[in-house]
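Letter by letter, the chains look like this.
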Amino acid sequence: MDWKPNWYAAGLDHVWLPYAQMKTAGSPLAVARTEGCRIVLADGRELIDGIASWWTACHGYNHPHIRAAVERQLATMPHVMFGGLVHEPALTLAQRLAKLLPGDLDRVFFSESGSVAVEIAMKMALQSAINRGEPERTTFIAFKGGYHGDTTGAMSVTDPDGGMHDLFGGVLPEQLIVDLPDFRDNISALEFVVQEHGEHIAGMIVEPLVQGAGGMRFHDAAALKHIQEMAQACGALLIFDEIFTGFGRTGTMFACEQAGVVPDIITLSKALSGGTLPLAATVARKHVFDTFWSDDSKKALMHGPTYMGNALACAAANASLDLFQSEPRLKQVADIGRQMADELAPCRSLTGVTDVRVKGAIGVVEMERIGNLAALRARFVEEGVFIRPFGRIIYLAPSFTIAPDELSRLTAAIVKVVRDGAVMRA
Ligand SMILES: Cc1ncc(COP(=O)(O)O)c(C=O)c1O
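The notes below deal with the structure included here.

What counts, and where the lines are drawn
Residues numbered from 1 in each chain as written. Predicted model: local features only at pLDDT ≥ 70, side-chain atom pairs only at ≥ 80, totals over all residues. Heavy atoms only, no water. Core = buried A, V, L, I, M, F, W, Y, C linked by side-chain atoms within 4.5 Å. Buried < 20%, exposed > 50% of the residue type's maximum accessible area, 1.4 Å probe, protein only. Contact = heavy atoms within 4.5 Å. Disulfide = S-S within 2.5 Å. Near = heavy atom within 4 Å. Polar contact = N/O pair within 3.5 Å; in protein donor to acceptor, adjacent residues only side chain to side chain. Areas by Shrake-Rupley, 256 points an atom, 1.4 Å probe, with all protein chains shown as cover. Nonpolar A, V, L, I, M, F, W, Y, C, P; charged D, E, K, R; others polar. Pairing = 2+ DSSP bridges. Helix = DSSP H or I, 4+ residues; strand = E, 2+ residues; numbered from the N terminus. Axes fitted to C-alpha atoms, helices over the stretch in contact; angles between N-to-C directions. 1 Å grid on protein atoms, 1.4 Å probe; cavity = no way out; pocket = protein on both sides within 12 Å on 5 of 7 lines; lining within 4 Å. Points joined across faces, edges and corners; volume = space filled by probe spheres on them. Parallel < 35°, antiparallel > 145°, perpendicular 65-115°, else oblique. Left-handed = near helix turned anticlockwise from the far one by under 90°. Salt bridge = Lys/Arg side-chain N within 4 Å of Asp/Glu carboxyl O.

Turning our attention to the nonpolar core. With 115 residues, the main nonpolar core has Leu 97, Phe 110, Met 204, Phe 247, Ile 394 and Ile 414 as its most contacted residues. When sequence neighbours within four positions are dropped, the list of residues in contact with Met 204 reads Ile 141, Leu 190, Val 194, Ile 227, Met 230, Ala 231, Cys 234, Leu 237, Leu 238 and Ile 239.

If you want it as structure tokens, here you go:
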């Protein structure tokens, strides 16, 4: 369909779109509205959303409970600065997060995006070392296949190989990017690096159980336990980036619960506000916070995003947490996982498929190669679904409220398009 609203033609030449070669990326879809698990386009077409707006809209779009909470907050106070001032939505949210998170992860530092939450976690680890009298701890260990965001520090701990940030090799701070321990031969890689560089390591950062944007790769609890042991052995802080995995995505509220590991710092965002407003949190354990607690003003954490603790976003997040309490989200995640495992299984025998895997509400079909990503994405739109493959990966990470028949439309579209094969070869 060719119809486009006036705002589309008037504005398109003035926006710069994410992760896009603007010359060749093709025209983005014009969206009129969203409802439940559907994206309604300006020309009237409806797409079933397979990735919940970059994994944020865990309760579907426009959930009435979140909408009502945001509307109430809008009438009272959309925003007030967090410097020297606090308010009920942020303090209630901080307390609720502290209760939900395992162990003594109980000091919440708010920000507005995942990348910034990672920057703050890194700054906490660096300054905690300085405050403890160990300023030589200036380096991070991160893991191959990892992705932690697009800002400078976050890029430096993202795997540069084949990732989005390989252009910036000589410019970013140099970190140590090692293989994830897999209990065959790679344990020694981390052990070796810790032996060599242990006293210079401020922190180790990992996405627990699932590395998302780096390729939807899964690892197990034993790997995380080993990373924790190595972090403790060399006196580095352990940072779990649960920006993707947090809030039920892997089957438990937080992935770290399955690993039985309490990190020193955890980062949260994406589904934190139920996909409604930008919000992120960096949460520290008491012993980390204590390294900043001092009569010396130089030991304070010098960070403070302007929109930190935004009241509307915190109200949305509180309403989102209500829904995790009042509705059976983790059961829905388990049901989605089972259905995806059944319905994506036929892909295993299709030409070009190297793996099919499911964890929680994440379903992955990995290909030998995808010839033309833009054409593949367009093929899915023709099938009435919004799925955004990347690299060699076709994946689903839908809203937890998706109906079984909607999920079947998503999985059927994947099976059909992969079987057809044309776009993969292009
Ligand atoms: C694990 C992880 N960390 C950090 C980020 C960056 O978050 P944001 O895009 O909100 O900056 C992402 C985004 O995909 C992510 O998946």
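Per the stated rule, a full pass over the model turns up 0 disulfides. Cys 37 carries a free sulfur, and the closest cysteine sulfur to it, the one in Cys 58, is 11 Å from it. Given a relative accessible area of 1%, Cys 58 falls into the buried group.

This part is about the site of the ligand. Taken together, the neighbourhood of the ligand is formed by Trp 55, Ser 113, Gly 114, Ser 115, Tyr 147, His 148, Gly 149, Glu 207, Asp 241, Ile 243, Phe 244 and Lys 270. Contacts to the ligand include Gly 114, whose backbone N or O atom sits 2.8 Å from an oxygen atom. Within the side chain of Asp 241, a nitrogen or oxygen atom sits 2.7 Å from a nitrogen atom of the ligand. Taking 390 Å² as the accessible area of the ligand by itself, protein coverage stands at 83%. A class-by-class count of the residues in the shell around the ligand yields 4 nonpolar, 5 polar and 3 charged.

Once that is clear, we can look at the sheet that holds strand 14 (residues 362-367). Spatial ordering of the open sheet is given by 13-14-16, a layout of 3 strands whose pairing is antiparallel. Across the chains shown, the open sheet's two edge strands, defined by having one partner strand only, are strand 13 (353-359) and strand 16 (393-396). Across this sheet, the average inter-strand angle for adjacent strands is 10°, counted without regard to direction. Bridge analysis of strand 13 against strand 14 gives 6 bridges, and the strand direction is antiparallel. In the strand pairing of strand 14, Asp 355 is matched with Glu 366. Across the sheet, helix 12 (residues 329-344) touches strand 13, strand 14 and strand 16, and the angle it forms with strand 14 is around 25°.

Pairing analysis gives 3 bridges linking strand 2 (residues 38-41) to strand 3 (residues 46-49), with the strands arranged antiparallel. Bridge assignment links Arg 38 to a residue of strand 3, and that residue is Ile 48. The antiparallel hairpin formed by strand 2 and strand 3 contains 4 residues in its connecting segment, where Gly 44 sits at a positive phi of about 100°. The sheet contact formed by strand 3 and strand 15 (residues 385-386) spans 2 bridges and is parallel. Looking at the pairing, Ile 48 lines up with Val 385 of strand 15.

Now for the layout of surface pockets. Of the volumes computed, that of the largest pocket is approximately 1,400 Å³. Listed by contribution, the elements that provide at least two residues to the lining of the largest pocket are helix 1 (6-11), strand 1 (31-35), strand 2, helix 2 (52-55) and helix 13 (373-382). Sorting elements by how many residues they give to the lining of the largest pocket places helix 13 first, with 6 residues.

A word on the packing of helix 4 (residues 88-100) against helix 11 (residues 311-326). Where helix 4 meets helix 11, the closest approach of the two axes is 8 Å, and the angle between their N-to-C directions is 40°. With respect to their mutual orientation, helix 4 and helix 11 come out oblique. You can see that helix 4 and helix 11 cross each other, and the crossing is left-handed. Taken together, the residues of helix 11 that come into contact with helix 4 (itself represented by Pro 89, Ala 90, Thr 92, Leu 93, Arg 96, Leu 97 and Leu 100) are Ala 311, Cys 314, Ala 315, Ala 317, Asn 318, Leu 321, Asp 322 and Gln 325. Across the contact of helix 4 with helix 11, the residue classes tally to 10 nonpolar, 3 polar and 2 charged.

Scanning the model with the defined rule gives 19 salt bridges in all. Note that Asp 322 and Arg 96 form a salt bridge whose closest N and O atoms lie 2.8 Å from each other. Taken together, the positions of Asp 322 in helix 11 and Arg 96 in helix 4 put the pair 226 residues apart, joining distant regions of the chain. Taking relative accessible area as the criterion, Asp 322 reaches 25% and is therefore assigned partly exposed. One salt-bridge network, in which partners are shared between bridges, spans Asp 355, Arg 357, Glu 366 and Arg 392.

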